[in-house]
Amino acid sequence: MLRGAARSSFFRYPSRCLHSRIQSSVCLSHVQSCGKQYRYSQVRQWSNIPFITMPLSRSHGKSFAHRSELKHAKRIVVKLGSAVVTRGDECGLALGRLASIVEQVSMLQNQGREMMIVTSGAVAFGKQRLRHEILLSQSVRQALHSGQNQLKDMAIPVLEARACAAAGQSGLMALYEAMFTQYSICAAQILVTNLDFHDEQKRRNLNGTLHELLRMNIVPIINTNDAVVPPPEPNSDLQGVNVISIKDNDSLAARLAVEMKADLIIVLSDVEGLFDSPPGSDDAKLIDIFYPGDQQSVTFGNKSRVGLGGMEAKVKAALWALQGGTSVVIANGTHPKISGHVITDIVEGKKVGTFFSEVKPAGPTVEQQAEMARAGGRTLAALEPEQRAEVIFHLADLLTDHREEILSANKKDMEEAETKGRLPPPLLKRLSLSTAKLNSLAIGLRQIASSSKDSVGRVIRRTQIAQELELEQVTVPIGVLLVIFESRPDCLPQVAALAIASGNGLLLKGGKEASYSNHILHRLTQEALSVHGVKDAVQLVSTREDVEDLCRLDKLIDLIIPRGSSDLVRNIQKAAKGIPVMGHSEGICHVYIDSESAVEKITRIVRDSKCDYPAACNAVETLLIHRDLLRTAVFDQIIDMLRVEQVKIHAGPKFASYLTFSPSEVKSLRTEYGDLECCIEVVDSVQDAIDHIHKYGSSHTDVIVTENEKTAEYFLQHVDSACVFWNASTRFSDGYRFGLGAEVGISTSRIHARGPVGIEGLLTTKWLLRGNNHVVSDFAEQGNMKYLHESLPVPQRNTS
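Quantities reported herein were computed from a predicted structural model and do not represent experimental measurements.

A. Spotlight on the overall build of the chain. Counting its secondary structure elements, the chain contains 25 helices and 24 strands. Relative to its full complement of 800 residues, the chain shows a buried share of 53%. Sequence-distant contacts in the chain: of pairs separated by 6 or more residues, those separated by 24 or more amount to 76%. Of the roughly 36,500 Å² that the chain leaves accessible, carbon and sulfur atoms contribute 51%.

Here's what the structure looks like:
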């Protein structure tokens, strides 16, 4: 009873829609009761439905403006097109897809939403049944006539659609009931025709029936009564909010959604959504968001292989529903890799299909930004090296000239972050800009500009293939980079400078906590690019795109570089299934203190590695101490220094076994603390230290402190990490400190760039072959040409 009382607060209906009883004149809108299952559902529905915590109630009247708002949709209509419900042979149902759809609808229903289904499939199901009956009947007659069981020349007559619908409707509903029963949900069937919407009394009856079913937590399954439906009335389709001809299930879903004040219609078809030209054509592009008035930009193709409506009918119905205050998404319900979660993905606000919105943003879409970045990047790569350097020098000057404006914007970000209290201290420190940081940025940018003059187009190999046939391998940009970064606004000009120097187009996605800082820094970057007319090469994504949505743009983005927490990097690596990701998932760095190390070097290196900037990915997380140093003055000095610096110590398993009273034993030797914490573990030898690093490290940065050169060289050669140091702090693992000017990130990948990634890591190569009427057949056994494959001198790099 308590559950029932709690649930009732979720339901709010307009007073005109409340009916104390279902009127008897709803015979044309036939409701099939659920019998015993309904009585069981009444007991279940108030006891164990896992309600979501977010409030779902909202006042109806305007459609959602953004995809991210779809998670607040309370009443949802799911329209299943014929191509979704039926098999490829159009005889029978696609049971696997249907079961998956029912599972998703049930999940949302059990979250407290009100789900309705508008379904096709009765004709296909009936066609399958009638074909079977006709074949069986013909075989029996033939057997009686000939005395033999032979099926010869059995032609199946053309089956009339209304008869198929009459034969298939009950079976289709029985199938839905059986599937929903698996989730303890009751379903009810409603068959409608145009008259049920155009006759005012029947419309009110239908409205009352649907509201009563939703109130009882029953999923209505609606279909046109194809057994008796007349042809659609001409010139009466989609003429205003109160008039719509139910000519197909698209228009039915739109009419029903507006009538029931639904928040969202999900239209599932056999295409990914709305394209600007017929799907399958060479230049067809999926439209992410469609706005009223954009019809002129779309060329419609033929309708689906089955069903009455094509994409044009879907768009008309969608715009009609949008006018009535209901949001619409058209998506693919047949793709085997996405159909199992397409409905829930849409409701979660993910970038699936085409979203219809009445709110047109002022700026370009992220797809348009990626295309602009690609075109701008190609123009940038074609500039002279001195021109690209000039852009970067100008950006460095702008950072200095507009220092006060930048710091003022950053102050707003800091104040909002501190007021909301959502950022931990390490991220707050990363968010903060200062005069010193801006000066360092300007110095780094000038360093990039000076070293970039011979990066793009540099010849790295020349080969004389044959007489007058010369091959060159030259450096070229990767293409379009997507760099996703958290908190650190100083990352923006660093990455932009590296992209400019390497001739790459760039998409930047910063955290909203740094929005003011990012905006001013991006404006200054575009101002610098405008010197040579390549303003569009660097784009800042400021729309509501989720990182997961950006990672799906595999046709527009060539490389993703995440800069932020290990969780961010891991999530991007998981989401970016079609785009390479360059980065590191964790920064578990080690310092190994050898038995032959000098105490003054130990304390300086360990203090700097841990305490200089503990939130950085190149800060040490584990100290490996040689066993011989335990219970010595050296060991005591290490511990005293860490205590003075207020570093919390965790004991590794071996270290803990040596102590009677030890610090808290570490939960995992693969922990990146990102704060004034570290683990201490004991090892027996340099080989033991190397084995530990390979087992628990992240291939980021590892250090040995020793006075024994032979031991040091063994460590340097055998540790398989991106950066390996001898008697130096882990904090040197940085693009600026390496002389790269800046870094786009630190990579622990096994291919392409490793360690701090500067200009070189953002380049790939292409091959240029220059010949004179050469063909491969001349080099065959009977040909008159021979391969030489002689190496030619490579032009010297311009290091001035």
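Alright, that's what it looks like, and here's the rest.
B. Focus on unusual backbone geometry. One non-glycine residue, Glu 468, lies in positive phi territory at about 65 degrees. Inspection of the secondary structure assignment puts Glu 468 in the loop between strand S9 (459-466) and strand S10 (469-477). Judged by its relative accessible area of 51%, Glu 468 falls in the exposed class. Even without glycine at this site, Ser 699 takes up a positive phi of about 60 degrees. When you line up the elements, Ser 699 lands in the loop between helix H24 (686-696) and strand S19 (701-705). Residue Ser 699 is classed as buried on the basis of its relative accessible area of 15%.

C. Quick look at the pairing of strand S2 (residues 114-119). For S2, the buried fraction is high: 6 of the 6 residues fall into the buried class. Of the two faces of S2, the one holding Glu 114, Met 116 and Val 118 and the one holding Met 115, Ile 117 and Thr 119 are both buried throughout. Pairing between strand S1 (residues 75-80) and S2: 6 bridges, direction parallel. The residue bridging Leu 80 from the neighbouring strand is Thr 119, located in S2.

D. The arrangement of the pairing of S19 in detail. Counting buried positions along S19 yields 5 of 5 residues, so the element is predominantly enclosed. Of the two faces of S19, the one carrying Thr 701, Val 703 and Val 705 and the one carrying Asp 702 and Ile 704 are both buried. Inspection of the sheet shows S19 paired to strand S20 (residues 723-726) by 4 bridges, in the parallel sense. Counterpart to Ile 704 in the pairing with S20 is Trp 726.

E. Molecular detail of empty space enclosed by the protein. Inspection of the entire model under this criterion finds 4 cavities of 30 Å³ or more. Lining the largest cavity are Asp 250, Ala 253, Ala 254, Ile 265, Val 267, Lys 314, Ala 317, Ala 318, Ala 321 and Val 328. Sorting the residues of the lining of the largest cavity by element identifies helix H9 (249-259), strand S5 (264-269) and helix H10 (311-323) as the ones contributing at least two each. Looking at the lining of the largest cavity element by element, the count peaks at 4 residues for H10. Residue composition of the lining of the largest cavity, grouped by class: 8 nonpolar, no polar and 2 charged.

F. The pattern of salt bridges, seen in detail. Across all of its chains, the model carries 36 salt bridges by this definition. Between Arg 462 and Glu 470 there is a salt bridge whose closest N-O contact spans 2.9 Å. Taking the relative accessible area as the measure of exposure, Arg 462 reaches 18% and is therefore buried. Put simply, Glu 707 and Lys 601 hold a salt bridge, and the shortest N to O gap is 2.9 Å. One end of the pair, Glu 707, is in the loop between S19 and helix H25 (709-718); the other, Lys 601, is in helix H21 (residues 599-611), and 106 residues separate them in sequence. According to the relative accessible area criterion, Glu 707 is partly exposed, its value standing at 42%.

G. Inspection of the nonpolar core at higher detail. In this structure, Leu 506, Leu 508 and Val 744 are the most contacted members of the largest nonpolar core, which totals 53 residues. In terms of residue count, helix H17 (residues 491-502) provides more of this core than any other element does, 9 residues in total. Not counting chain neighbours up to four residues away, the residues in contact with Leu 508 comprise Val 483, Phe 485, Leu 492, Val 495, Val 538, Gln 539, Leu 540 and Val 541. Ranked by size, the runner-up nonpolar core spans 41 residues in total, among them Ile 222, Phe 290, Leu 322 and Val 328.

H. Geometry of the sheet that holds S9. With antiparallel pairing, 4 strands are arranged side by side in an open sheet as S23-S10-S9-S24. In the strand order of this sheet, the two ends are held by strand S23 (763-770) and strand S24 (790-792), each with one partner. Going across the sheet, the axis of each strand differs from the next one's by a mean of 30 degrees, ignoring polarity. Bridge count between S9 and S24: 3 bridges; the pairing is antiparallel. Opposite Gln 464, over in S24, you have Glu 790 as the bridge partner.

I. The packing of helix H4 (residues 95-109) against helix H6 (residues 161-181), seen in detail. Taken N-terminus to C-terminus, the directions of H4 and H6 make an angle of 50 degrees; their axes are 10 Å apart at the nearest point. Classified by the interaxial angle, the pair formed by H4 and H6 is oblique. Once H4 is placed against H6, the crossing between them reads as right-handed. When H4 is examined against H6, the residues Leu 95, Leu 98, Ala 99, Val 102, Val 105 and Ser 106 are found in contact with a partner set consisting of Leu 175, Tyr 176, Met 179 and Phe 180. Grouping the constituent residues of the contact of H4 with H6 by class yields 9 nonpolar, 1 polar and no charged.

J. Here's a closer look at the layout of surface pockets. Space inside the largest pocket adds up to approximately 2,000 Å³. In terms of lining, the largest pocket is formed by 48 residues, of which the most central are Leu 286, Lys 351, Arg 552, Leu 553 and Asp 554. Elements with a minimum of two residues in the lining of the largest pocket: strand S7 (327-332), helix H11 (342-347), helix H12 (366-382), helix H19 (547-550) and helix H20 (566-575). The leading source of residues in the lining of the largest pocket is H20, at 5 residues. By residue class, the composition of the lining of the largest pocket is 19 nonpolar, 10 polar and 19 charged. Put simply, the second largest pocket is a space of about 1,100 Å³. In terms of lining, the second largest pocket is formed by 46 residues, of which the most central are Arg 430, Arg 488, Arg 563, Tyr 613 and Ala 616.

Calculation notes
Residues numbered from 1 in each chain as written. Predicted model: local features only at pLDDT ≥ 70, side-chain atom pairs only at ≥ 80, totals over all residues. Heavy atoms only, no water. Helix = DSSP H or I, 4+ residues; strand = E, 2+ residues; numbered from the N terminus. Buried < 20%, exposed > 50% of the residue type's maximum accessible area, 1.4 Å probe, protein only. Contact = heavy atoms within 4.5 Å. Areas by Shrake-Rupley, 256 points an atom, 1.4 Å probe, with all protein chains shown as cover. Pairing = 2+ DSSP bridges. 1 Å grid on protein atoms, 1.4 Å probe; cavity = no way out; pocket = protein on both sides within 12 Å on 5 of 7 lines; lining within 4 Å. Points joined across faces, edges and corners; volume = space filled by probe spheres on them. Nonpolar A, V, L, I, M, F, W, Y, C, P; charged D, E, K, R; others polar. Salt bridge = Lys/Arg side-chain N within 4 Å of Asp/Glu carboxyl O. Core = buried A, V, L, I, M, F, W, Y, C linked by side-chain atoms within 4.5 Å. Axes fitted to C-alpha atoms, helices over the stretch in contact; angles between N-to-C directions. Parallel < 35°, antiparallel > 145°, perpendicular 65-115°, else oblique. Left-handed = near helix turned anticlockwise from the far one by under 90°.

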